[in-house]
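The lines below spell out each chain.
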Amino acid sequence: MEFQAQQLRDASRVVVFSGAGLSAESGIPTFRDALSGLRERFDPAALATAQAFRNDPALVWGWYEWRRAKALAAQPNAAHLAITKLATRVPTLTVVTQNVDDLLERAGCPEVLHLHGSLGSPRCFACARAYAIKDDQPDESEQGRSIEPPRCLHCNGKVRPGVVWFGESLPDDVWRKALAAVKKCDVLLSVGTSGLVQPAAELPRIALKHGAQVVHINVQPELVVENREFSLVGRAAEVLPKLVEQAFG
Ligand code: NAD
């Protein structure tokens, strides 16, 4: 880890690219875990599509309300806090996340690029206007409970979760900013992502192609193919604080 710490110390531009594993130790299930309870009854991937919402809006809205409840009840963990600390130590840090929770923001991270949207920003399925969701605590007890989605105040359309579903494009401005940062960075830390969801999964490869060092932090070892690519195996909440501590004290 000393070598990667040295790389961080020497870097001018750093990108942190995170996935569900970053929030796992805050008690938010990763994608696979979040679906596991429903696996026997539903086709899991079909819950995260526009077609699923058309077919059964209450089932899909209820599942996202359960996830929103989980996120609201969770607290940032040591990995989120280490990223916030890193932001104060390196000249330029860009945080790009696939996560739809707000734990990085709640850990004090200044700007977070949410590639896949946010559980807290629902919008109308018909007219796309933002819907101000009540700041209540949704029920997190039951994972598969159907809940009728609220109605848009402007057109009475059904309100949908503010996340990017399979088959949908990423928000253009967010993706452009993320790409620009990744192409210019010296070091990219890829934290707690399975690298399966495209096009986000391309970001570490794009960083490598542009000459960056890429460090994967995951409980699973990552198959590294380039000599500028490294795999640090362990829990994000353990490895990331250690790395930042070694680099900057
Ligand atoms: P994923 O669920 O596909 O993969 C999670 C990865 O994290 C795995 O590689 C796993 O080995 C690793 N991991 C698990 N626990 C870890 C830990 N404690 N420390 C380090 N690594 C750990 O997640 P993904 O790659 O982000 O892609 C799935 C999609 O699901 C994303 O689009 C994301 O938007 C969405 N999602 C988001 C959240 C969230 O916002 N917290 C939660 C679930 C799913």
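Residues numbered from 1 in each chain as written. Predicted model: local features only at pLDDT ≥ 70, side-chain atom pairs only at ≥ 80, totals over all residues. Heavy atoms only, no water.

A. Highlighting the packing of aromatic side chains. The full count for this structure, using the stated rule, is six aromatic pairs. Summarising the aromatic geometry, the rings of Phe53 and Phe125 are spaced 4.9 Å apart at their centres and angled 65 degrees between planes, so their arrangement reads as edge-to-face. Note that Phe53 is positioned in helix 4 (residues 50–55) and Phe125 in the loop between strand 4 (123–124) and strand 5 (159–160), a separation of 72 residues in sequence. Using a relative accessible area of 1% as the deciding quantity, one classes Phe53 as buried. Considering the side-chain rings of Trp63 and Tyr64, the 5.0 Å spacing of their centres and the 80 degrees angle between planes classify their relative orientation as edge-to-face. Among the aromatic side chains, those forming a connected cluster through ring pairs are Phe53, Trp63, Tyr64, Phe125 and Trp165. Sitting over the ring of Trp63, Arg67 keeps its end group 4.8 Å from the ring centre. (Phe/Tyr/Trp six-rings, centres within 6.5 Å; stacked < 30°, edge-to-face > 60°. Helix = DSSP H or I, 4+ residues; strand = E, 2+ residues; numbered from the N terminus. Buried < 20%, exposed > 50% of the residue type's maximum accessible area, 1.4 Å probe, protein only. Lys NZ or Arg CZ within 6 Å of the ring centre and 35° of its normal.)

B. Local environment of the site of the ligand. Close to the ligand lie 27 residues; Gln98, Val100, Asp101, His116 and Ser194 are nearest. Within the backbone of Ala236, one N or O atom sits 2.9 Å away from a nitrogen atom of the ligand. Burial of the ligand by the protein chains amounts to 88% of its free accessible area of 850 Å². Elements that contribute at least two residues to the shell around the ligand include exactly helix 2 (21–24) and helix 3 (31–36). (Near = heavy atom within 4 Å. Polar contact = N/O pair within 3.5 Å; in protein donor to acceptor, adjacent residues only side chain to side chain. Areas by Shrake-Rupley, 256 points an atom, 1.4 Å probe, with all protein chains shown as cover.)

C. Region of the structure containing the domain arrangement of the protein chain. Domain parsing of the protein chain yields domain 1 (1–28 + 76–117 + 170–249) and domain 2 (29–73 + 123–160). Relative to domain 2, the C-alpha centre of domain 1 lies at a distance of 28 Å. With nine residues of domain 1 in contact, the opposing surface of domain 2 contributes seven residues. Of the roughly 560 Å² buried between domain 1 and domain 2, counting both surfaces, carbon and sulfur atoms make up 61%. Together, Ala20, Ile28 and Arg106 form the three largest contributors to the area buried by domain 1 at its contact with domain 2, with a combined 61%. The tally of links between domain 1 and domain 2 comes to zero salt bridges. Across the contact surface, domain 1 and domain 2 share two residue pairs in polar contact (both at pLDDT 80 or more). Mapped by element, the contributors of at least two residues to the side of domain 1 that touches domain 2 are helix 2 and helix 7 (103–106). (Domains from an automatic or database assignment. Contact = heavy atoms within 4.5 Å. Buried area = accessible area lost by both parts, 1.4 Å probe. Salt bridge = Lys/Arg side-chain N within 4 Å of Asp/Glu carboxyl O.)

D. Here's a closer look at the sheet that holds strand 1 (residues 13–18). In spatial order, the strands read 3-2-1-6-7-8; together these six strands make up an open sheet with parallel pairing. Looking at which strands have only one partner, the edges of the open sheet turn out to be strand 3 (112–114) and strand 8 (229–233). Ignoring strand direction, the axes of neighbouring strands in this sheet form an average angle of 20 degrees. (Pairing = 2+ DSSP bridges. Axes fitted to C-alpha atoms, helices over the stretch in contact; angles between N-to-C directions.)

E. Up close: the state of the cysteines. By the definition in use, this model includes zero disulfides. Cysteine Cys127 is unpaired, with the sulfur of Cys124 as its nearest cysteine sulfur at 3.8 Å. Here Cys185 is not disulfide-linked; the sulfur of Cys109 is the nearest cysteine sulfur, at 16 Å. (Disulfide = S-S within 2.5 Å.)

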